Amino acid sequence: MPGIEKLVPTLASLPRREYSDLIRQVDEQRRKAAEFDSADDWPSNAASRDEFAVWIARRHFAIDKGIVRILHLPTGAPVDEVRLLEVNALAQLPEDAPVEAVDFMPDIEGVSYSLYVADVTPRQLEEILGGRLALPDGWQLAGHQELSAAER
């Protein structure tokens, strides 16, 4: 297998569509590997909301290498709901699009939390932090917890 120093220029020269397709394929393979690796690491129903947020963030960091930051937004959320703002450098989102939360809860027996994830680009995060782009209704940055790369 060629080394990284040879792969990077080759990948960089791919047409954008082929590169995007390749990244999607690699991400799918990483997802499958992460699911297999953590199948016996499922959280128990005794996990707190914060513990569950850390666990799911680790999985998301492992699965999607485009994610550069994850903010857990517990303030104002129901006690059984986890809200994650995921900053994805590879996301192809319109910069002026509204931020939308998606129900992203995996089916985990015995875990009763709801999981909502809103993907944003790094530029959109800057706009959110500057008060120029709104979070989904009811979401707020106050009291947010940044889940760092060290927790991967």
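So, a few notes on the structure that sits alongside this text.

A separate point is the packing of aromatic side chains. When we look at a pair of aromatic rings, we describe it by the centre distance and by the angle of the planes. According to the stated counting rule, one finds two aromatic pairs in the structure shown. Ring geometry for Phe52 against Tyr113: centres 5.4 Å apart, planes inclined by 20 degrees, an arrangement best described as stacked. Pair noted here: Phe52 is in helix α3 (residues 49-63) and Tyr113 is in the loop between β3 (102-103) and β4 (114-120), with a separation of 61 residues, a long-range link. Both residues of the pair, Phe52 and Tyr113, count as buried. An aromatic cluster is built from Phe52, Trp55 and Tyr113, whose rings are joined through pairwise contacts.

Phe52, Ile56, Ile70, Val82, Leu84 and Leu115 are the most contacted members of the largest nonpolar core, which has 16 residues in total. Among the elements of the structure, α3, β1 (67-72), β2 (81-88) and β4 are those that each provide at least two residues to this core. With six residues, the top contributor of residues to this core is α3. If we skip the residues at most four places from it in the chain, Leu115 touches Ile56, His60, Val82, Leu84, Val102, Asp103, Phe104, Met105 and Pro106. Counting residues in each nonpolar core, the second largest holds 13 residues, with Leu73, Leu85, Val120 and Leu125 among its members.

For the rest of this paragraph, the subject is the pattern of salt bridges. The tally for this structure, following the rule as stated, stands at four salt bridges. For Arg83, the salt bridge goes to Glu81, with nearest N and O atoms at 2.6 Å. We note that Arg83, like Glu81, is buried. For the salt bridge of Glu127 with Arg123, the shortest nitrogen-to-oxygen distance reads 3.3 Å. Linking Glu127 with Arg123, this pair stays in helix α4 (residues 122-129), spanning four residues, or about one helical turn. For Glu127, a relative accessible area of 18% gives the class buried. By relative accessible area, Arg123 is classed as partly exposed at 47%. A single salt-bridge network, built from bridges that share partners, covers Arg123, Glu127 and Arg132.

Relative to the assigned elements, Glu81 resides in strand β2. Accessibility expressed as a relative area gives 13% for Glu81, which makes it buried. A polar contact is formed between the side chain of Glu81 and the side chain of Arg83, at a distance of 2.6 Å. Beyond its immediate chain neighbours, meaning those up to four positions away, Glu81 contacts Arg49, Tyr113, Ser114 and Tyr116.

Turning our eyes to something else, we now look at the sheet that holds β2. Overall, mixed pairing links the five strands, which are arranged β3-β4-β2-β1-β5 in an open sheet. The outermost strands of the open sheet, each flanked by one partner alone, are β3 and β5 (145-147). One ladder, built from seven bridges, connects β2 with β4; its direction is parallel. Considered in β4, the bridge of Leu85 is made with Ala118. Strand contacts of α3: β1, β2, β4 and β5, with the helix running at about 170 degrees to β1, the strand carrying the most contacts.

Reading guide: rules and limits
Residues numbered from 1 in each chain as written. Predicted model: local features only at pLDDT ≥ 70, side-chain atom pairs only at ≥ 80, totals over all residues. Heavy atoms only, no water. Phe/Tyr/Trp six-rings, centres within 6.5 Å; stacked < 30°, edge-to-face > 60°. Helix = DSSP H or I, 4+ residues; strand = E, 2+ residues; numbered from the N terminus. Buried < 20%, exposed > 50% of the residue type's maximum accessible area, 1.4 Å probe, protein only. Core = buried A, V, L, I, M, F, W, Y, C linked by side-chain atoms within 4.5 Å. Contact = heavy atoms within 4.5 Å. Salt bridge = Lys/Arg side-chain N within 4 Å of Asp/Glu carboxyl O. Polar contact = N/O pair within 3.5 Å; in protein donor to acceptor, adjacent residues only side chain to side chain. Pairing = 2+ DSSP bridges. Axes fitted to C-alpha atoms, helices over the stretch in contact; angles between N-to-C directions.

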